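What follows is each chain in one-letter form.
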Amino acid sequence: MSLGLRSRLLRCLDESLTAEQRRLPPEELGRLRVVVGSVGLMLLLDLAYLVMIPLYPPAQRAPQVLVLGGSMLVSLGVLVLVRRLRSPLLPSLLLCGSLAVSLLLASLLVEFPGGVMHGVYMLVPLLAVYLLGARRGFVFTALLAFNAAFLHEFVRSGFGQTRPLFAEPITSWGNFMAGLSLLLGWALSWLHGAARDEVHTELRRTLQTLRESEGKLSSLIESTDDVVLSLDARGRLVMANPGAQQLFARMTDGVALVPGNPLLRGCPPALREWVAARGRMALGGQRVRAEVDVLVEGRPRTVDVLFNPVREGERVVGLTLFGRDLTERKRAELQLGEMHRSLLDVSRQAGMAEIATGVLHNVGNTLNSVNVSASLVMERLRDSRVSGLGRAVALLRENESRLGAFLGEDARGRQLPAYLEALSLQLTQERETMQEEMRRLVQSVDHIKSVVSMQQRHARFSGAMEQVAVPALLDDALRLLAVSFDRLGIELRREYAAEVPTVLVDRHKLLQILVNLLSNARHALLEEGVEDRRLTLRVEPRDERLRISVSDNGVGIAPEVVPRLFSQGFTTKKDGHGFGLHASALAAREMGGQLSCASEGRYRGATFTLELPLGKLTPPESRA
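Because the structure is a prediction, the values reported are computed rather than measured.

About the cut-offs
Residues numbered from 1 in each chain as written. Predicted model: local features only at pLDDT ≥ 70, side-chain atom pairs only at ≥ 80, totals over all residues. Heavy atoms only, no water. Helix = DSSP H or I, 4+ residues; strand = E, 2+ residues; numbered from the N terminus. Buried < 20%, exposed > 50% of the residue type's maximum accessible area, 1.4 Å probe, protein only. Contact = heavy atoms within 4.5 Å. Areas by Shrake-Rupley, 256 points an atom, 1.4 Å probe, with all protein chains shown as cover. Patch = residues over 30% accessible without salt bridge, like charges linked within 9 Å, V, L, I, M, F, W, Y side chains within 5 Å. Salt bridge = Lys/Arg side-chain N within 4 Å of Asp/Glu carboxyl O. Pairing = 2+ DSSP bridges. Axes fitted to C-alpha atoms, helices over the stretch in contact; angles between N-to-C directions. pLDDT = per-residue confidence, 0-100. Core = buried A, V, L, I, M, F, W, Y, C linked by side-chain atoms within 4.5 Å. Left-handed = near helix turned anticlockwise from the far one by under 90°.

Points about the overall build of the chain
Broken down by element type, the chain carries 16 helices and 12 strands. Here the chain holds 624 residues, and the buried ones make up 38% of them. Sequence-distant contacts in the chain: of pairs separated by 6 or more residues, those separated by 24 or more amount to 63%. In the form shown here, the chain has an accessible surface area of approximately 36300 Å², with 58% of it arising from carbon and sulfur atoms.

Here it is, written out as structure tokens:
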């Protein structure tokens with residue numbers, strides 16, 4: 001049946017129903033339609049039988065007219081009940097009951113056996129099972145089956161008096177098969193109804209799930225600020241969410257997106273061509289993603305657009321557009337990049353300041369030694385007995401004309417040789433003392449020169465990539481800290497591999513990281529409650545990477561703190577700024593390495609490990 005004919009037929013059936021009945025659930029509305037349609041067919045069959053009445057024997061015409069008249073009256077009554085009742089149950093019972101009784105009476109009036117096997121009998125199980133259900137339908141089906149198989153033969157034989165029962169085996173067998181066929185028809189109707197109900201239940205469940213999913217999807221699409229559009233294969237708008245409507249209105253001075261119209265009507269031609277070109281690619285089956293610059297209320301905006309094909313099987317029937325405004329994100333990324341560069345600059349300055357502080361501390365300590373040595377020299381010079389030698393020379397000059405008598409007879413002359421001898425010994429001791437102080441003074445000045453030269457050397461190579469010997473750089477970092485670990489009661493252990501290859505890195509960045517790690521380890525070891533202070537430095541190549549470890553047995557780090565150590569602004573020191581480890585981690589990442597930390601908990605020490613890619617390495621023996 002064509003769709004148009006079926007629609008017209010259903011409209012005709014609905015005209016027999018009230019407006020309230022037409023709003024019933026689909027199942028109940030379908031039963032009312034079947035009741036009305038069945039009544040119409042029964043009336044047509046009754047009229048056809050009336051036309052055939054003259055062909056019956058005269059003795060059977062009156063009963064047949066009576067049965068047909070009663071059937072037609074019942075059919076009209078069913079139509080009246082359908083109009084007055086909202087539920088289809090009572091009209092269905094009356095319809096099935098009248099049909100079963102009419103067929104039963106008509107069959108008893110028919111002499112020849114073919115009447116009891118007429119195809120119209122099959123209407124009873126079909127209608128009864130659909131309208132009333134399997135159990136109620138079985139009652140009407142069983143009545144007609146019993147009539148076809150036994151009752152008709154029993155009545156037509158005069159209850160066994162006019163002729164023997166089942167005198168004609170073929171006829172009796174046919175009647176029995178007719179009754180069995182009615183039962184089989186009921187069984188098939190029941191199976192069909194059960195399967196249909198199962199399908200309908202699954203369909204309702206699927207539709208419910210679909211409605212829920214559709215509601216969630218619709219809520220998601222409606223609530224998002226992103227642009228969501230749906231187009232058909234001809235580029236006409238199917239759906240646009242509020243985000244798309246708002247963006248389009250701001251782009252076109254208030255023009256609305258209307259379903260059924262071409263997309264981007266009223267937009268600049270360049271934008272329409274851009275969307276059309278990528279839309280054709282999406283309709284060809286490709287998934288296209290691109291960024292486009294548009295003017296929104298006179299200001300440039302960057303929108304990321306995803307063109308996604310919509311398929312029905314292998315056929316592309318439309319496409320969806322998902323757009324997101326990236327302007328703020330790009331601006332934030334630009335600001336983040338600038339902040340990152342500023343952070344690196346500040347971290348370098350902080351590292352240089354920390355190194356410079358160490359240098360100044362070291363130079364200051366050495367200048368104290370220079371000052372002490374200079375003071376001792378000045379004190380020795382001030383207290384020197386060289387003036388006594390001058391007075392002795394002056395005394396000799398006064399008695400130059402009688403020098404022999406003066407040395408032999410004068411009391412002062414006789415003491416002068418002993419005095420000169422004692423003065424010579426004392427001046428010799430003074431010279432040795434001042435030479436020792438001058439040697440220390442020269443050593444201190446040389447130490448100042450070496451520290452300043454080392455700082456200048458590291459600063460000169462800032463930003464340049466070079467082959468660096470890590471053990472030597474570790475020693476430089478220790479000297480730059482201006483700390484005597486022995487004086488602080490810290491045992492320093494160096495556990496370097498036998499052959500440590502050089503690494504191609506920025507010397508200044510690596511020195512900054514090492515100074516920061518050593519400084520943190522020193523602070524951890526000097527905390528209260530730490531005994532047997534020990535700092536261990538390890539350098540070893542492993543798996544194409546160079547591993548540098550700084551381990552201490554200091555206050556340690558709580559497990560919940562470890563994941564936050566390298567975050568900007570986080571610190572465990574009272575006077576810390578939370579910048580050193582974060583800057584060190586960034587510097588390590590810039591060099592292609594990684595900085596990590598491990599600690600078993602408070603007062604159980606900590607180990608910071610810096611891993612650097614070896615890259616181009618130089619064997620130790622070739623560095624000479």
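What about a nonpolar patch on the surface?
Taken together, the side chains of Phe138, Phe146, Phe150, Trp173, Phe176, Met177, Leu180, Leu183 and Leu184 make up a nonpolar region of the molecular surface, amounting to roughly 830 Å² of accessible area. Those elements that provide at least two residues to the nonpolar patch are α6 (134-156) and α7 (169-223). The leading source of residues in the nonpolar patch is α7, at six residues. Relative to the assigned elements, phenylalanine 138 resides in helix α6.

So, the sheet that holds strand β9 (residues 534-542)
An order of β7-β9-β10-β12-β11 is seen for the five strands of this open sheet, with the pairing classed as mixed. Each having just a single partner strand, β7 (491-496) and β11 (594-598) make up the two edges of the open sheet. Mean inter-strand twist for the sheet, computed between neighbouring axes without regard to direction, equals 15°. Relative to strand β10 (residues 545-552), β9 runs antiparallel, the two being bridged by eight bridges.

Description of helix α5 (residues 123-132)
With respect to burial, α5 is a largely interior element, seven of its 10 residues being buried. Of the residues one or two after α5, glycine 133 is the one with positive phi, at around 100°.

Digging into the pattern of salt bridges
Applying the stated criterion across every chain yields a total of 19 salt bridges. Here glutamate 495 and arginine 538 are joined by a salt bridge, their closest N and O atoms 2.8 Å apart. Taken together, the residues span a long stretch of sequence, with glutamate 495 in strand β7 and arginine 538 in strand β9 at a distance of 43 residues. The partner of arginine 545 in a salt bridge is glutamate 611, with the nearest N and O atoms 3.4 Å apart. Of this pair, arginine 545 sits in strand β10 while glutamate 611 sits in strand β12 (residues 606-613), placing them 66 residues apart in sequence. Sharing partners across several salt bridges, the network here consists of Arg301, Asp325, Glu328 and Arg331.

Structural notes on the confidence of the model for the chain
Mean pLDDT over the chain: 78, with 81% of residues reaching 70 or higher. Confidence over residues 616-624 falls short of pLDDT 50; this stretch has 17 contacts with residues more than four positions distant or in other chains.

Focus: the nonpolar core
The nonpolar side chains of a soluble globular protein tend to be buried, and buried together. In this structure, Leu510, Leu535, Ile548 and Phe608 are the most contacted members of the largest nonpolar core, which totals 47 residues. Going through the elements one at a time, α14 (470-480), β8 (503-506), α15 (507-525), β9, β10, α16 (580-590), β11 and β12 are the ones with two or more residues in this core. The greatest single-element share of this core, amounting to 10 residues, is contributed by α15. Not counting residues within four places of it along the chain, the set of residues in contact with isoleucine 548 comprises Val470, Leu474, Leu510, Leu514, Arg538, Val539, Phe608, Thr609, Leu610 and Leu612. Core analysis: the second largest hydrophobic core is formed by 28 residues, Ala100, Leu104, Ala128 and Leu131 among them.

Remarks on unusual backbone geometry
One non-glycine residue, glutamate 544, adopts positive backbone phi at about 60°. Here glutamate 544 is to be found in the loop between β9 and β10. For glutamate 544, a relative accessible area of 65% gives the class exposed. A positive phi angle, near 60°, is found at tyrosine 603, a position not held by glycine. By the secondary structure assignment, tyrosine 603 is in the loop between β11 and β12.

A short note on the packing of α15 against α16
Their axes nearest at 9 Å, the elements α15 and α16 cross at an angle of 145°. Remark: the crossing between α15 and α16 carries left-handed chirality. Judged by residue contacts, Lys509, Gln512, Ile513, Asn516, Leu517 and Asn520 of α15 engage Gly580, Leu581, Ala583, Ser584, Ala587, Ala588 and Glu590 from α16.

Concerning the side chain of threonine 502
With respect to the helices and strands, the residue threonine 502 is situated in the loop between β7 and β8. Residue class for threonine 502 comes out buried when judged on its relative accessible area of 2%.

Describing the pairing of β10
Across the eight residues that make up β10, a large majority, six, are buried. Pairing of β10 with β12, which is carried by eight bridges, proceeds in the antiparallel orientation. Residue arginine 547 lies in a different strand from β12, and its bridge partner there is glutamate 611.

Notes on the pairing of strand β5 (residues 315-325)
Here is the key point about a regular strand: its side chains alternate between the two faces of the sheet. Bridging between strand β1 (residues 227-232) and β5 involves six bridges; their strand directions are antiparallel. Note that in β5 the partner of leucine 229 across the bridge is leucine 321. With 10 bridges connecting them, strand β4 (residues 299-312) and β5 associate as antiparallel partners. Paired with leucine 306 across the strands is phenylalanine 322, a residue of β5. Between β4 and β5, which follow one another and run antiparallel, lie two residues, and glycine 313 among them has a positive phi close to 70°.

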